[in-house]
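Reading the structure
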Amino acid sequence: MNESLDTDELEREVTSIYRDVATSADADFHFETGRELAERLGYDPADLDAVPDEAVDSFAGVGYHFDVAALEPGEAVLDLGSGSGTDAFVAGLHVTETGTVAGVDMTAAQVEKARDLAAENGFHNVEFRRGYVEDLPFEDESFDAVISNGVINLSAEKDRVFEEAARVLRPGGRLALSDIVSDERLPERIKNDADLWAACIGGAEQVDSYTDLIEAAGFDVGAVAENDDYEFVSERAANACQRYGVQSLSLGARKRD
């Protein structure tokens, strides 16, 4: 954990940005949002057609990992940092009505929006809870798969996130995620900047350290792929990416039995 980072300020910044993503998806952010981004990253247009438009408008993911997740009908899935619900709804389509999906997010506006969209559009197998990815409100071994998209980099306690993911997964359960990492260790002036953390830059872990944290939590990491079609849009974020090799990747891992 970065001891110099004001984690209370970080939570305020993240909550503020993603509240705006929920309510004003066409505003200017460091990152892209919406359907065009989702399709470019690899989402099936047919899946997006079946997801509420208001959720897709607020999509702020950084990659596509449903191919790695390989969700099956009847499975129970957890989405870490579920936002307005795009990935949770896509997961709901893949597990069908025989399966279940739970999304957890700390931003009240996102959870409220996602709950309303689920109720209004008949996603009876998808639920959303407010909570923290470092302290999940679920029982041990409750899920077959855990997914996440562009969220874990925002946490100052990534080791806790992966430990919690392992705790709630059944033995042999899968972790499939997309996230922001870096080739080089970021300087302290960036790592201590809550605004750049909230923009998905400051919290980028070096890729080797990131996979080490996953392995230490009880997973075996499998496929790792860079998402070349993802890029930040603000000049400040783009400069950090170019200088320190900040990039998006998707990976899959399996909990050890």
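In this report, we go over the structure that sits alongside the text. (Residues numbered from 1 in each chain as written. Predicted model: local features only at pLDDT ≥ 70, side-chain atom pairs only at ≥ 80, totals over all residues. Heavy atoms only, no water.)

Regarding the pairing of strand β3 (residues 126-130)
Going by this rule: We call two strands paired when DSSP finds no fewer than two bridges between them. Secondary structure elements follow DSSP: runs of H or I no shorter than four residues count as helices, runs of E no shorter than two count as strands, and numbering proceeds from the N terminus. Crossover handedness is defined here as right-handed if the route from the first strand over the helix to the second strand goes clockwise, with the strands pointing away from the viewer.
Of the pairings in the sheet, the one linking strand β2 (residues 100-105) to β3 comprises 5 bridges and is parallel in character. Bridge pairing links Val-101 to Val-126 in β3. Crossover connection from β2 via helix α7 (residues 108-120) to parallel β3: handedness right-handed.

Focus on helix α11 (residues 207-216)
Note the cut-off: Throughout, exposure labels follow a simple rule: accessible area from a 1.4 Å probe, protein chains only, divided by the maximum for the residue type, with under 20% read as buried, over 50% as exposed, and the rest as partly exposed. Note that the arc is computed from the directions linking the helix axis to the C-beta atoms. In this analysis, two residues are considered to be in contact whenever any of their non-hydrogen atoms come within 4.5 Å of each other.
All of the buried residues in α11 are Tyr-210, Thr-211 and Ile-214. The arc enclosing the buried residues of α11, seen along the axis, measures out at 90°, which places them on a common side. Projecting away from the buried face of α11 at angles above 90 degrees are the exposed residues Asp-208, Asp-212 and Ala-216. In this structure, the buried residues of α11 make contact with α8 (158-168), β5 (169-182), β6 (205-206), β7 (219-226) and β8 (247-255).

Topic: α7
Applicable threshold: Under the convention used throughout, the expected extent of a helix is 1.5 Å for every residue step, that is, one less than its residue count.
End to end, α7 covers 18 Å across 13 residues, agreeing with the expected 18 Å (1.5 Å per residue, within 8%). Note on α7: the residue one or two positions beyond its end, Gly-122, has a positive phi of about 75°.

Here we look at the nonpolar core
Buried together is how nonpolar side chains tend to be arranged in soluble globular proteins. Put simply, the rule reads: To form a nonpolar core, buried Ala, Val, Leu, Ile, Met, Phe, Trp, Tyr and Cys residues must be joined to one another through side-chain atoms within 4.5 Å.
Core analysis: the largest hydrophobic core is formed by 43 residues, its most contacted members being Phe-89 and Val-246. Judged by nonpolar contacts, the second largest core, of 27 residues, contains Phe-143, Ala-165, Leu-169 and Val-181.

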